[in-house]
Amino acid sequence: MQRVIVLLLIASLTTPAQDALNHSTSDCVAFGPKRETAQHSQISASSQMTVQVAALLPPIQGKSTVATADAVNLIDTHIFDVMQQNGVKPAAASTDWEFIRRITLDLTGRLPDSQRVISFVNDKDPDKPTKLIDELLAKPEWVDKWAMYFGDLYKNNSTNAQIRRYVPGVVAFNKWIRESLTANKPYDRMTRELIAASGTDSYAQGELNWLAGGFVTGGPVQDVWDQQAANTAEAFLGVSSMNCVLCHNGRGHLDTLSLWGRNALRTQGWGLASFFSRTETLRTRVNPEDANPYYWRVQQNTTRYRTDYPLNTTTGNRPAREPLEQPRQTTYSPVYPFAGNGTWKPAAGEDYRVALGRFVTQDFQFARATVNYMWEAMFGLGLVSPSNQFDLARLDPENPPANCPEGTPCELQASHPRLLNELAQTFIDSKYDLKKLQRLMVTSRAYQLSSRYEGEWNPLWSKLFARKQVRRLMGEEIHDAIASSSQVIPTYNNAFWGPVNWAMKLPEPLATPDGPNGAVARFLNAFLRGDRDDEPRRGDGAIAQTLGLMNDPFVMTRIRSTTPNGLLARTLTQTDENLVNILFLNALSRYPNDTERATALANLKSGNRTQEAENLFWSLYNKVDFIFNY
């Protein structure tokens, strides 16, 4: 292929963030020597990626979009006030062309339909951004995108280092997530249902698979309860340091990372784990004669577990749990460690996990963590970043930490602490409505800023959200973008979930239609989808991504004029001008600029027109503004 317009070798855009997130230490499973730099590295990597990608974007064309639905958006009040206080000029607003592509990908994981792009750009209604947002929030594709997101957050996978859910369990959990989102179930209710779930068959009752994911092999049952507690703290409260506290006191281990963690005690971890101490998480064979496959039972107050958390282990995956002295205790009762000053305990006769679900969702930190997770998904960086490493002692702007021990972080953790708290309260007031929360975020002027920036850029301004942070599309988004823009839609059949046309509908990264080593799996996995276990989803570049976009049959068959019913086959009869416009509009959600148009038209006239049209289409899938959401 020659005379292509632009080819982005995305491997050159790899980021250093992952190195800062790796961890290994014998003292703590959650943190390592580089963890204290994770926030700065994440911000720096995001800024670097944005600067590199923005430099490769075509010149700006079209007018800017500004949301007008809300007279005063609390997000903009905070974001622009802080920029003004710091003497930072925000980027210009995104153009209509950029905005419709950005918001459609962010809310639905799909490219916008080409005709919808044209109608949006030509629409003179000043409220058109908000109307588009409401339209996208109502689409079934919104459910696809956010079922994938929460599947990642809840680590819904068929196989991990500890247990198997098997594909039927994954599909059942995915179905529960999808049904909850379709019904716009309040997020506090979703959370309580996951924490308190009880039942006998994880293949039939999808929500059981959340607690099954905390099962730990090779140790006493306390290891299971500890992991279920740690998973709860991280997924719903953004406090990954609890995984560390469940091994030992924070003093001497978390001092440089977390002011709250420095003072946290292992007994607080036991108090949280004790909410699970009457829970039995048990594998049950599908076939009594065969150990595999199996499904999961999660039951409360069985004859086997009727006491509080026992302090009686000397082996397992965590340090020994020994009786406490003065007064002597051989068990530890459930006490919620994050709020209530030790008074949040189950009522007499109350199911422990029902009580825990109530405490978690009544805790202001639950709303704060959820808001931060959503903010990170929409803006590229959390207000607290990394989003699962909240320091609970550094969040209150009305009572900031003071007189902190030397070497312990003492500044407020959030980049905009008052905004974070106001958003959390707004989320509570909405009765934990995820769509309303997302709508508030994406109707803000702050969300609609351009990723381009005129003048000199300071990487520290990324945490002020002075420009849009770009993100490389997820593997599933790239797959679906190529399928929809080429109009060659695949059908993947599977006995467990039936026919699927879109990668965003797949229940998990491991459950790829042609198996873990198939062609579709290899293409998708090149984009670092992770395994929802020890390999998180990543937005880095890689050589395999470049090679896939250049050579993979999934791409090559869709740029061929001989592919039946494909876009190119039906467009070749158009004039050269129309052909170029149609290909650009479908692949990039915009028309070519003057330079791109002139180059493309000259190429079409320079040799074999069909071959040159294929070359053009291929080149669009390798442009920076196809691979990134900007």
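Numbering of residues starts from 1 in every chain and runs along the sequence as written. Selection of residues for local features in this predicted model requires a pLDDT of at least 70, selection of side-chain atom pairs for listing and counting requires 80 or more, and totals for whole chains, interfaces and linings are taken over all residues. Heavy atoms from the whole structure form the basis of all side-chain values; hydrogens and water molecules are not counted.

## Points about the overall build of the chain
Then comes step 1: Put simply, DSSP H or I for four residues or longer makes a helix, DSSP E for two residues or longer makes a strand, and each gets a number counted from the N terminus. Along its length, the chain carries 27 helices and six strands.
Then comes step 2: A compact globule built from 630 residues would reach a C-alpha radius of gyration of about 25 Å, and the chain, at 26 Å, matches this within 12%.
Then comes step 3: By the burial criterion, 59% of the 630 residues in the chain qualify as buried.
Then comes step 4: Positive charge is attributed to Lys and Arg, negative charge to Asp and Glu, and no charge count is given to His or to the chain ends. To locate a charge, take NZ of a lysine, CZ of an arginine, CG of an aspartate or CD of a glutamate. Across the chain, 65 positive and 65 negative side-chain charges occur, with their mean positions spaced 2 Å apart. Only C-alpha atoms enter the radius of gyration, while the globule expectation follows 2.2 Å times N to the 0.38, with N the number of residues. To sort residues, take the accessible area from a 1.4 Å probe on protein chains only and compare it with the maximum for the residue type: under 20% means buried, over 50% means exposed, and anything in between is partly exposed.

## Description of the confidence of the model for the chain
Then comes step 1: Per residue, pLDDT captures the predictor's confidence, and it can take any value from 0 to 100. Predicted confidence across the chain gives a mean pLDDT of 91, with 92% of residues reaching 70 or more.
Then comes step 2: Contacts were defined at the residue level, with two residues in contact if any of their heavy atoms lie within 4.5 Å. Here residues 1-27 scores under 50 on pLDDT; set against residues more than four positions off or in separate chains, the count is 82 contacts.
Then comes step 3: Note on residues 29-37: pLDDT under 50 across the span, and 28 contacts to partners over four residues away in sequence or across chains.

## Thoughts on the nonpolar core
Then comes step 1: The definition of a nonpolar core used throughout is a set of buried Ala, Val, Leu, Ile, Met, Phe, Trp, Tyr and Cys residues joined through side-chain atoms within 4.5 Å. Ranked by size, the top nonpolar core spans 111 residues in total, and within it Ile75, Phe150, Tyr154, Tyr187, Phe236, Phe338 and Trp375 carry the most contacts.
Then comes step 2: Considering every element that reaches this core, the biggest residue donor is helix α16 (residues 364-379), with nine residues.
Then comes step 3: Setting aside residues no more than four positions away along its own chain, phenylalanine 236 makes contact with Tyr154, Tyr187, Thr191, Leu194, Ile195, Trp210, Val360, Gln365, Phe366 and Ala369.
Then comes step 4: Grouped together as the second largest cluster of nonpolar side chains are 51 residues, Val500, Ala511, Ala600 and Ala613 included.

## Some details on the environment of tryptophan 146
Then comes step 1: Within the fold, tryptophan 146 resides in helix α7 (residues 140-153).
Then comes step 2: What makes tryptophan 146 buried here is its relative accessible area of 2%.
Then comes step 3: A sequence separation of 31 residues divides tryptophan 146 from isoleucine 177, and the C-alpha atoms of the two residues are 8.8 Å apart.
Then comes step 4: In this structure, tryptophan 146 is in contact with Asp106, Leu107, Leu181, Met374, Ala377, Met378 and Gln438, ignoring residues within four places of it in sequence.

## What about helix α14 (residues 266-273)?
Then comes step 1: Across the eight residues that make up α14, a large majority, six, are buried.
Then comes step 2: Buried within α14 are the following residues: Arg266, Gly269, Trp270, Gly271, Leu272 and Ala273.

## What about the packing of aromatic side chains?
Then comes step 1: In this analysis, rings of Phe, Tyr and Trp, with Trp reduced to its six-membered ring, are considered paired at centre separations within 6.5 Å, and the interplanar angle assigns stacked below 30 degrees, edge-to-face beyond 60, and tilted for intermediate values. All chains considered together, the criterion is met by 39 aromatic pairs.
Then comes step 2: Pairing phenylalanine 215 with tryptophan 296 gives two aromatic rings, centres 5.0 Å apart and planes at 55 degrees, and the pair type is tilted. Of the two residues, phenylalanine 215 is situated in the loop between α10 (208-212) and α11 (221-237) and tryptophan 296 in strand β2 (residues 290-300); the sequence distance between them amounts to 81 residues.
Then comes step 3: We classify phenylalanine 215 as buried; its relative accessible area is 13%.
Then comes step 4: Of the residues examined, tryptophan 296 reaches a relative accessible area of 0% and is grouped as buried.
Then comes step 5: Considering the side-chain rings of tyrosine 621 and phenylalanine 626, the 4.9 Å spacing of their centres and the 55 degrees angle between planes classify their relative orientation as tilted.
Then comes step 6: Taking relative accessible area as the criterion, tyrosine 621 reaches 0% and is therefore assigned buried.

## Focus: the pattern of salt bridges
Then comes step 1: For this document, the term salt bridge refers to a Lys or Arg side-chain nitrogen within 4 Å of an Asp or Glu carboxyl oxygen. Here the structure, examined in full by the defined rule, presents 41 salt bridges.
Then comes step 2: Salt-bridge contacts for glutamate 193 lead to lysine 185; the nearest nitrogen and oxygen are separated by 2.9 Å.
Then comes step 3: When its relative accessible area of 23% is taken as the criterion, glutamate 193 is described as partly exposed.
Then comes step 4: In this structure, glutamate 193 engages arginine 189 in a salt bridge whose closest nitrogen and oxygen atoms are separated by 2.9 Å. Linking glutamate 193 with arginine 189, this pair stays in helix α9 (residues 187-196), spanning four residues, or about one helical turn.
Then comes step 5: Overall, the relative accessible area of 41% leaves arginine 189 in the partly exposed class.
Then comes step 6: Several salt bridges share partner residues, and in doing so they unite Asp106, Lys145, Lys468, Arg471 and Glu477 into one network.

## Thoughts on the pairing of strand β1 (residues 279-287)
Then comes step 1: DSSP-based pairing: two strands are paired if at least 2 bridges between them are found. Where β1 meets β2, eight bridges bridge the pair, whose relative direction is antiparallel. Across the sheet, arginine 285 pairs through a bridge with tyrosine 294, a residue of β2.
Then comes step 2: Counting the residues between successive antiparallel strands, the hairpin from β1 to β2 contains two residues.

## A word on the state of the cysteines
Then comes step 1: Pairs of cysteine sulfur atoms within 2.5 Å are what we label disulfides. Under the defined criterion, the tally for this structure stands at one disulfide.
Then comes step 2: Covalent S-S linkage joins cysteine 404 and cysteine 410, the inter-sulfur distance amounting to 2.0 Å. Measuring handedness by torsion sign, the sulfur bridge of cysteine 404 and cysteine 410 sits at about 70 degrees and is right-handed.
Then comes step 3: For cysteine 410, a relative accessible area of 25% corresponds to the partly exposed category.

## Side note on the packing of helix α24 (residues 576-588) against helix α25 (residues 594-604)
Then comes step 1: Interaxial angle, 0 to 180 degrees, is taken between N-to-C directions of lines fitted to C-alpha atoms, where a helix line uses only the stretch in contact. Packing of α24 against α25 leaves a shortest axis separation of 10 Å and a crossing angle of 125 degrees. Here α24 is positioned oblique relative to α25, judged by the angle of their axes. Crossing handedness for the pair α24 and α25: right-handed. Contacts from Asp576, Glu577, Leu579, Val580, Asn581 and Phe584 of α24 reach α25 at Glu596, Arg597, Ala600, Leu601 and Leu604.
Then comes step 2: Any residue outside Ala, Val, Leu, Ile, Met, Phe, Trp, Tyr, Cys, Pro, Asp, Glu, Lys and Arg is labelled polar, Gly included; the first ten of those are nonpolar and the last four are charged. Residues that form the contact of α24 with α25 fall into these classes: six nonpolar, one polar and four charged. Note that the term roughly parallel is reserved for angles under 35 degrees, roughly antiparallel for angles over 145, roughly perpendicular for angles of 65 to 115, and oblique for everything else. Crossing handedness: left-handed means the near helix sits turned counterclockwise from the far one by under a right angle, and right-handed means the same turn made clockwise.

## Some thoughts on the side chain of serine 444
Then comes step 1: Of note, serine 444 is situated in the loop between α18 (434-442) and β5 (471-472).
Then comes step 2: Polar contact is defined as a pair of N or O atoms within 3.5 Å, subject to the rule that within protein one atom must be able to donate a hydrogen and the other to accept it, and that residues adjacent in sequence are counted only when both atoms are side-chain atoms. Within the structure, the side chain of serine 444 is placed 3.1 Å from the backbone nitrogen of tyrosine 447, a separation counted as a polar contact.
Then comes step 3: If sequence neighbours within four positions are ignored, serine 444 has contacts with Asn73, Ile75, Asp76 and Phe379.

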